[in-house]
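Structural overview
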Amino acid sequence: MDCPIARSLDRVGEWWSILILRDALGGMTRFEEFQKSLAIAPNMLTRRLTALVEAGMLEKRRYSTRPPRDEYVLTERGRDFRPVLLSLLAFGNRHFAPEGASVAVVDAKTGVPAEPLLIDRLTGRPLASPDYDLAAGPAATEATKARLAARSARLLGSDI
């Protein structure tokens, strides 16, 4: 599919993969650390780590030759996933945590809770409807152009 959401989900949409990236963004690099944090079967963890390396989210680096041991280090692509995780965290806290947040985003210096917000880097304005919409990019197929045109016609003036 030419949809960037579908392509992203193809690489990181499996929930174990997202949790591995969460832990990697928290500083974990070693197989044993991921396994202990996630309580995941070793064969499943191996498959997920391999897939994340193949997707370019993690890089496998040898840290010991005897015995052979590797660590998994975030790539630039993997580090770029951080805002996605913070958005998922905020969404989960808002909609699926009736007992309250178990993890919160806070200012590192003051401890004051923060509320993640997606903004336009150029203007600093929130990416909210009706000021911003989706449009076909230069690589869009005719099907994508038609879907976006139909979407715009349906949603004219409503929030996304």
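Right, let's walk through the structure included here. As the structure is a prediction and not an experimental result, all values here were calculated from the model. (Residues numbered from 1 in each chain as written. Predicted model: local features only at pLDDT ≥ 70, side-chain atom pairs only at ≥ 80, totals over all residues. Heavy atoms only, no water.)

1. Focus on the pairing of strand β2 (residues 68-74)
Within β2, 5 of the 7 residues are buried, which leaves it mostly tucked inside the rest of the structure. The pairing of strand β1 (residues 58-65) with β2 spans 7 bridges and is antiparallel. From the neighbouring strand, Leu58 faces β2, where its bridge partner is Leu74. (Buried < 20%, exposed > 50% of the residue type's maximum accessible area, 1.4 Å probe, protein only. Helix = DSSP H or I, 4+ residues; strand = E, 2+ residues; numbered from the N terminus. Pairing = 2+ DSSP bridges.)

2. Describing helix α3 (residues 31-38)
Regarding α3, the residues found buried are Phe31, Phe34 and Leu38. All buried residues of α3 lie within an arc of 70° about the axis, which places them on one face of the element. Buried residues along α3 sit in contact with α2 (15-25), α4 (42-54) and β2. Looking one or two places after α3, you find Ala39, whose phi comes out positive at around 55°. (Arc of directions from axis to C-beta. Contact = heavy atoms within 4.5 Å.)

3. A closer look at the layout of surface pockets
Computed from the structure, the second largest pocket encloses a volume of approximately 700 Å³. Looking at the second largest pocket, it is lined by 23 residues, and the ones nearest its centre are Arg22, Leu85, Leu88, Leu89 and Val103. Contributing elements (two or more residues each) for the lining of the second largest pocket: α2 and α6 (82-95). With 8 residues, α6 is the single largest residue contributor to the lining of the second largest pocket. When its residues are assigned to classes, the lining of the second largest pocket shows 16 nonpolar, 4 polar and 3 charged. (1 Å grid on protein atoms, 1.4 Å probe; cavity = no way out; pocket = protein on both sides within 12 Å on 5 of 7 lines; lining within 4 Å. Points joined across faces, edges and corners; volume = space filled by probe spheres on them. Nonpolar A, V, L, I, M, F, W, Y, C, P; charged D, E, K, R; others polar.)

4. Some remarks on the nonpolar core
A general trend in soluble globular proteins is that nonpolar side chains are found buried together. Counting residues in each nonpolar core, the largest one holds 21 residues, and the members touching the most others are Ile20, Leu21, Leu49 and Leu58. Those elements that place two or more of their residues in this core are α2, α3, α4 and β2. Among the elements that make up this core, the one with the highest residue count is α2 (6 residues). Not counting chain neighbours up to four residues away, the residues in contact with Leu21 comprise Val12, Leu52, Met57, Leu58, Leu74, Phe81 and Leu85. (Core = buried A, V, L, I, M, F, W, Y, C linked by side-chain atoms within 4.5 Å.)

5. Some details on the side chain of Thr75
Along the chain, Thr75 turns up in the loop between β2 and α5 (76-79). A residue is classified by how much of its surface remains accessible, and Thr75, at 18% relative accessible area, is buried. Leaving out residues up to four positions away in the same chain, Thr75 has contacts with Gly56, Met57, Leu58 and Glu59.

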